[in-house]
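Letter by letter, the chains look like this.
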Amino acid sequence: MAELGSKGVTAGKIASNVQKKLTRAQEKVLQKLGKADETKDEQFEQCVQNFNKQLSEGTRLQKDLRTYLASVKAMHEASKKLTECLQEVYEPDWPGRDDTNKIAENNDLLWTDFHQKLVDQALLTMDTYLGQFPDIKSRIAKRGRKLVDYDSARHHFEALQTAKKKDETKIAKAEEELVKAQKVFEEMNVDLQEELPSLWNSRVGFYVNTFQSIAGLEENFHKEMSKLNQNLHDVLLGLDKQYSGNAFPIKAQPRKKTKLFARLRKKMSSDSTPAKANKSPSPPPDGSPITSPETKTVNHELEPSTLEAPGASIPKSPSQPAEAAHAGAEAAGSEAAAGAEASKTEADSGSTSLPAVVVETFPATVNGTVEGGASSERADMPPGFLFKVQAMHDYTATDSDELQLKAGDVVLVIPFENPEEQLDVGATAMNSRLSKLQRDEGWLMGVKESDWIQHKELDQCRGVFPENFTERVQ
């Protein structure tokens with residue numbers, strides 16, 4: 001036959017390969033349909049499963065090791081740029097200039113040596129370890145094809161033996177092919193049966209050596225790097241001593257933190273919108289107080305005790321809801337002032353667009369007994385208790401007079417101690433409420449509920465905290 005290529009591939013050989021593929025495909029179909037039995041070796045199949053698992057683990061380890069090396073290289077570049085920056089800012093007349101240059105040079109050499117040793121002792125070893133898997137994988141696949149050839153030859157020989165009309169020539173030829181296929185299969189099978197368990201057991205030693213090498217290299221690297229850092233620290237300490245009079249002052253953060261966490265402040269300001277009217281009603285535009293849950297509407301005329309003097313304005317303070325509630329309590333308790341302001345209230349009510357209401361407060365009764373309500377609850381509260389808030393976020397105190405808060409802490413809000421320290425709103429009619437306003441906009445004075453229950457000492461436990469870190473709960 002004529003050759004079809006320079007590699008000596010003949011048409012007969014191509015036809016033979018095609019015939020083998022067709023025979024194998026036919027045999028596999030018959031085995032899947034259950035019309036032909038399949039030779040199985042459970043021990044070898046377990047070895048193949050272990051091989052695939054070992055290959056998968058090794059491939060993942062190689063990938064992660066390359067990522068680790070890339071991170072080491074990135075750290076090397078970052079450290080190099082940082083030391084170069086130090087060299088640039090370190091003026092020539094400063095003491096230790098030569099020492100810093102030497103430290104920077106040793107730092108660069110140490111990173112380079114660490115990366116190169118990782119490549120030599122870990123990555124290259126990893127590549128060698130995984131290099132043996134492709135050949136074994138191809139031999140496993142070839143062994144599977146030879147097993148199909150063996151089953152096909154066996155079935156063909158059995159079919160000729162059980163045929164009604166026997167052809168001894170064909171039977172002899174089929175037997176010869178069966179013996180040949182069995183011999184090829186067994187040779188490959190025996191070799192793999194010996195290599196696969198040995199390869200599986202070798203993984204333990206490989207993992208131990210690899211990670212021991214990485215751990216040892218890291219230990220030496222950090223030990224040498226620690227010496228360089230100590231040397232740099234000593235150099236900078238000497239520089240600091242020589243220029244100790246020019247120390248950089250570190251100032252505490254200013255108390256005024258109105259614009260911190262703007263989104264939280266915006267969220268807290270939404271408490272006064274109609275969306276939360278059922279939970280925490282906001283004060284009306286005319287400054288009238290918030291009514292308690294135990295109120296009853298009698299008619300549409302304003303009670304004088306619920307109004308303030310004309311010209312009084314609502315202070316623009318983050319604690320506006322608390323002030324309005326407290327102002328309402330003061331107005332309800334002052335009967336004499338109510339009578340004096342009744343005529344002025346009627347004149348003002350005529351010019352407002354809101355409907356006038358009269359609010360009467362009735363104590364709640366349970367089984368004929370009057371509940372103490374807020375008064376009994378406030379008996380256990382610190383003096384001047386206004387309302388409760390709950391911390392929505394952690395807050396780290398920056399001054400000695402600030403509260404340290406964790407998310408979920410309940411704080412009892414109280415007024416500041418000295419009225420003259422409060423925020424001056426410039427309204428004469430609001431002077432009686434100055435003790436309820438905050439010294440710094442956006443800050444509240446209070447004591448954590450847990451501290452108050454445990455110690456009952458206001459002076460030692462109270463402190464200020466940012467309002468926008470909390471949410472009013474009562």
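As the structure is a computational prediction, the values presented were derived from the model and not from experiment.

Q: What exactly am I supposed to notice about a negative patch on the surface here?
A: A surface patch of negative charge is lined by Glu186, Glu187, Asp191 and Glu194. Classification of glutamate 187 as partly exposed rests on a relative accessible area of 45%.

Q: I keep staring at the packing of aromatic side chains and nothing clicks. Help me out?
A: In this description, a pair of aromatic rings is defined by centroid distance and the angle of the planes. The full count for this structure, using the stated rule, is 11 aromatic pairs. Geometrically, the ring pair formed by tyrosine 395 and tryptophan 443 is edge-to-face, given 6.2 Å between the ring centres and 75° between the ring planes. Residue tyrosine 395 is located in the loop between strand E5 (387-391) and strand E6 (410-414), and its partner tryptophan 443 is located in strand E7 (residues 443-448); the two are separated by 48 residues in the primary sequence. Taking the relative accessible area as the measure of exposure, tryptophan 443 reaches 2% and is therefore buried. Members of the aromatic cluster, each reached through a chain of ring pairs, are Phe51, Tyr129, Phe133, Phe206 and Tyr207. Between arginine 203 and the ring centre of tryptophan 200, over which it is positioned, the NZ or CZ distance is 3.7 Å.

Q: Help me out: how do you make sense of the confidence of the model for the protein chain in this one?
A: For any part of a model where pLDDT is low, the fine detail of the predicted coordinates should not be relied upon. Residues with a pLDDT of 70 or more make up 63% of the protein chain, whose mean pLDDT is 73. Note that residues 1-6 has pLDDT below 50 and, in this model, 11 contacts with residues that lie over four places away or in other chains. Counted against residues more than four places away or in other chains, residues 419-439, with its pLDDT under 50, gives 47 contacts.

Q: Sorry, what's going on with the environment of arginine 66 here?
A: The residue arginine 66 is located in helix H2 (residues 42-89) in this model. In contact with arginine 66, other than residues within four places in its own chain, are Leu123 and Asp127.

Q: Quick question: what am I supposed to make of a positive patch on the surface here?
A: Taken together, Lys28, Lys32, Lys142 and Arg145 make up a surface patch of like positive charges. Elements with a minimum of two residues in the positive patch: helix H1 (11-33) and helix H4 (133-161). For lysine 142, the position within the fold is in helix H4.

Q: Can you help me understand the packing of H2 against helix H3 (residues 97-131) in this one?
A: The geometry of a pair of packed helices is captured by two quantities: the angle between their axes and the separation between those axes. Close contact between H2 and H3 brings their axes to 10 Å; oriented N to C, the two are set at 170°. It follows that H2 is roughly antiparallel to H3 by the angle criterion. Partitioning the contact of H2 with H3 into residue classes produces 16 nonpolar, 12 polar and six charged.

Q: Before we go on, may I ask you to explain the pairing of E5 in this structure?
A: A regular strand places its side chains so that they alternate between the two faces of the sheet. Most of E5 is tucked away, with four of its five residues classed as buried. Two elements, E5 and E6, share four bridges in a ladder whose sense is antiparallel. Bridging from a neighbouring strand, phenylalanine 387 pairs with valine 413 of E6.

Calculation criteria
Starting afresh in each chain, residues are numbered from 1 along the sequence in its written order. With pLDDT at 70 or above as the cut-off, local features in this predicted model cover only qualifying residues; side-chain atom pairs require 80 or more to be listed or tallied, and sums for whole chains, interfaces and linings still use all residues. As a convention, hydrogens and water are excluded, and side-chain values are obtained from all of the structure's heavy atoms. Patch membership requires over 30% relative accessible area and the absence of a salt bridge. Like charges are linked within 9 Å, and nonpolar side chains (Val, Leu, Ile, Met, Phe, Trp, Tyr) within 5 Å. The Shrake-Rupley method, run with a 1.4 Å probe sphere, supplies the accessible areas, and residue values consider only the shown protein chains as cover. Any Lys or Arg side-chain nitrogen found within 4 Å of a carboxyl oxygen on Asp or Glu counts as a salt bridge. Counted as positive: Lys and Arg. Counted as negative: Asp and Glu. His and the chain ends are not counted at all. Lysine's charge is taken at NZ, arginine's at CZ, aspartate's at CG and glutamate's at CD. Type-normalised accessible area, obtained with a 1.4 Å probe on protein chains alone, sets the label of each residue: buried when under 20%, exposed when over 50%, and partly exposed for intermediate values. Any Phe, Tyr or Trp ring, taking Trp's six-membered ring, that has another such ring centre within 6.5 Å forms a pair; planes under 30 degrees apart are called stacked, those over 60 apart edge-to-face, and the others tilted. Runs of H or I in DSSP of at least four residues are treated as helices and runs of E of at least two as strands, each being numbered from the N terminus. We count a charge as sitting over a ring when the NZ of a lysine or the CZ of an arginine lies within 6 Å of the ring centre and within 35 degrees of the ring normal. How sure the predictor is of each residue is captured by pLDDT, a score from 0 to 100. By definition, residues are in contact when any of their heavy atoms lie within 4.5 Å. Every axis in this analysis is a line fitted to C-alpha atoms, fitted for helices over the stretch in contact. Angles between the N-to-C directions lie between 0 and 180 degrees. Should an angle lie under 35 degrees it is considered roughly parallel, over 145 roughly antiparallel, and from 65 to 115 roughly perpendicular; all remaining angles are considered oblique. Each residue gets one label: Ala, Val, Leu, Ile, Met, Phe, Trp, Tyr, Cys and Pro are nonpolar, Asp, Glu, Lys and Arg are charged, and the others, such as Gly, are polar. A strand pair is defined by DSSP finding two or more bridges across the two strands.

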